Amino acid sequence: MRKKLAWLLVSVMILSAVVLGGCGKKEVTAESLVKQANENMEKVKSFAGDLDMQMSMNISSEGVAMDMNMGMTGTIECTSDPDIFHMDGTLSMDLLNMSMDMDMYTQVDGDKSITYINMMDEWMKSEETVEEGGMEDMYTVAGDGKDMTLAEETEKIGDKEVYVLTSTISGEEFQEIMGSMEEMTESLGEVDFSTMEAEVTLKIYKDIVLPASVSIVMSDSGEGIESEGVLVKFNNISVVLNYNEFDSIDSITIPEEALSAPSGDEGSILGEEESLLESEIAETEAAQ
């Protein structure tokens, strides 16, 4: 009798341990991951990473068409107090066989955002009212995570395990992201991406639940966008932002020559390449 009672007590204890242990286990969902990642990013004081943006397009004017690829790649770093974003990269355009270094700083103070850009050894600065989001906040395209799909299997980035979430975002959301990259799209004029859709892939580090990378890809813009007789069709646009390190940067110092730069329109820096592009189109038309 005692032996049976002892076995019964042991069985009850084991069963209780299993049940109680299971109660403390939370199901991992896309929504819970995005929520936790957003909360954790609010606590991050700094991060470093890299950005790769590529645009493939077809440009036509008066029956003459040509393909052109533009790219912007570089390393990025960001601090939250003060709110400063820095990118050191390269801007390229294959049609003009052009590649130029670009150094950019953006500091947000209250409702004011000041951007300093160095291209072709010239610093320019511009000031505008702060808009929500930016290149460094691309992870927010996940929204609340309700519309994202969580892959059944995790992946590896280096030696770190990551969750993989995917979704499709509207053209309006894509427009906001592209708006934060005016330095690349300024020479194309006002481009409306609102009628397009883009595929999003968000990867989140499993151990620390922070963004690992965000990839946004848009293909085929349909009828294209026409401005002043020039039709631009986007074959493909991809933006990939990798978050490599967190809380490893003490501060970001904006160079004195940037702080003392004259205020002006960023388009003036890109005016030379726009003129070159127009010349290239004219030469192509003449050769036909």
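Source: prediction; values computed, not measured. (Residues numbered from 1 in each chain as written. Predicted model: local features only at pLDDT ≥ 70, side-chain atom pairs only at ≥ 80, totals over all residues. Heavy atoms only, no water.)

Some words on the overall build of the chain
Phase 1: Tallying secondary structure elements over the chain gives 6 helices and 13 strands in all.
Phase 2: Buried positions account for 42% of the 288 residues belonging to the chain.
Phase 3: Pairs at least 24 apart in sequence give 62% of the contacts found in the chain among residues at least 6 apart.
Phase 4: Carbon and sulfur atoms make up 47% of the accessible area of the chain, which amounts to about 16,300 Å² in all. (Helix = DSSP H or I, 4+ residues; strand = E, 2+ residues; numbered from the N terminus. Buried < 20%, exposed > 50% of the residue type's maximum accessible area, 1.4 Å probe, protein only. Contact = heavy atoms within 4.5 Å. Areas by Shrake-Rupley, 256 points an atom, 1.4 Å probe, with all protein chains shown as cover.)

Details of the pairing of strand β10 (residues 198-205)
Phase 1: A large share of β10 lies buried, amounting to 6 of its 8 residues.
Phase 2: Looking at chain direction, β10 and strand β11 (residues 211-219) are connected through 6 bridges and run antiparallel. By the bridge assignment for β11, L202 is matched with V214.
Phase 3: The hairpin formed by β10 and β11 contains 5 residues between the paired strands, and V209 there has a positive phi angle of roughly 50 degrees. (Pairing = 2+ DSSP bridges.)

A few points about the pairing of strand β4 (residues 98-109)
Phase 1: In the sheet, strand β3 (residues 83-93) pairs with β4 via 11 bridges, with the strands oriented antiparallel. Counted as the bridge partner of M93 is M98 from β4.
Phase 2: Linking β3 to β4, which pair antiparallel, is a turn of 4 residues; within it N97 sits at a positive phi near 50 degrees.
Phase 3: When β4 meets strand β5 (residues 112-119), the two strands line up antiparallel, connected through 8 bridges. In the sheet register, Q107 faces β5, and the bridge partner there is I114.
Phase 4: Here β4 folds back onto β5 in antiparallel fashion, the turn holding 2 residues, of which G110 has a positive phi close to 70 degrees.

Description of the nonpolar core
Phase 1: By size, the foremost hydrophobic cluster in this structure holds 59 residues, and its most contacted members are L165, L202 and Y243.
Phase 2: It is strand β13 (residues 230-246) that provides the largest number of residues to this core, a total of 7 residues.
Phase 3: In contact with L202, other than residues within four places in its own chain, are V34, Y139, A142, M148, Y163, V164, L165, S213 and V214.
Phase 4: In terms of nonpolar packing, the next biggest core, distinct from the first, is built from 11 residues, Y116, I252, I254 and A258 among them. (Core = buried A, V, L, I, M, F, W, Y, C linked by side-chain atoms within 4.5 Å.)

A short note on the side chain of S213
Phase 1: Within the element layout of this structure, S213 appears in strand β11.
Phase 2: Exposure remark for S213: the relative accessible area of 8% places this residue in the buried category.
Phase 3: In contact with S213, not counting residues within four places along its chain, are T201, L202, K203, L241, N242 and Y243.

Some details on the confidence of the model for the chain
Phase 1: Looking at the chain, pLDDT values average 79 and 70% of them are 70 or higher.
Phase 2: Confidence drops under pLDDT 50 across residues 14-24; counting only partners more than four residues distant or on other chains, this segment forms 1 contact. (pLDDT = per-residue confidence, 0-100.)

Observations concerning the environment of L241
Phase 1: When you line up the elements, L241 lands in strand β13.
Phase 2: Between the C-alpha atom of L241 and that of S215, which follows or precedes it by 26 residues, the distance is 6.5 Å.

Overview of the packing of aromatic side chains
Phase 1: Across all of its chains, the model carries 4 aromatic pairs by this definition.
Phase 2: Relative to W123, the ring of Y105 has its centre 6.2 Å away and its plane inclined at 35 degrees; by these criteria the two rings are tilted. In this pair, Y105 is assigned in strand β4 and W123 in strand β6 (residues 122-129), connecting sequence segments 18 residues apart.
Phase 3: Residue Y105 is classed as buried on the basis of its relative accessible area, which comes to 7%. (Phe/Tyr/Trp six-rings, centres within 6.5 Å; stacked < 30°, edge-to-face > 60°.)

A closer look at the pattern of salt bridges
Phase 1: Counted by the stated rule, this structure contains 2 salt bridges.
Phase 2: With a closest N to O distance of 3.0 Å, K203 and E155 form a salt bridge. Here K203 is found in strand β10, whereas its partner E155 is found in strand β8 (residues 155-157), with 48 residues between them in sequence.
Phase 3: For E155, a relative accessible area of 37% puts it in the partly exposed group.
Phase 4: The partner of K206 in a salt bridge is E161, and the shortest N-O contact between them spans 3.8 Å. Placement of the pair is K206 in the loop between β10 and β11 and E161 in strand β9 (residues 160-169), with a sequence separation of 45 residues. (Salt bridge = Lys/Arg side-chain N within 4 Å of Asp/Glu carboxyl O.)

Here we look at the environment of E199
Phase 1: When you line up the elements, E199 lands in strand β10.
Phase 2: Residue classification places E199 among the partly exposed positions, given a relative accessible area of 46%.
Phase 3: Placed 18 residues apart in sequence, E199 and V217 show a C-alpha to C-alpha distance of 5.2 Å.
Phase 4: In this structure the side chain of E199 is engaged in a polar contact, spanning 3.1 Å, whose partner is the side chain of T168. (Polar contact = N/O pair within 3.5 Å; in protein donor to acceptor, adjacent residues only side chain to side chain.)

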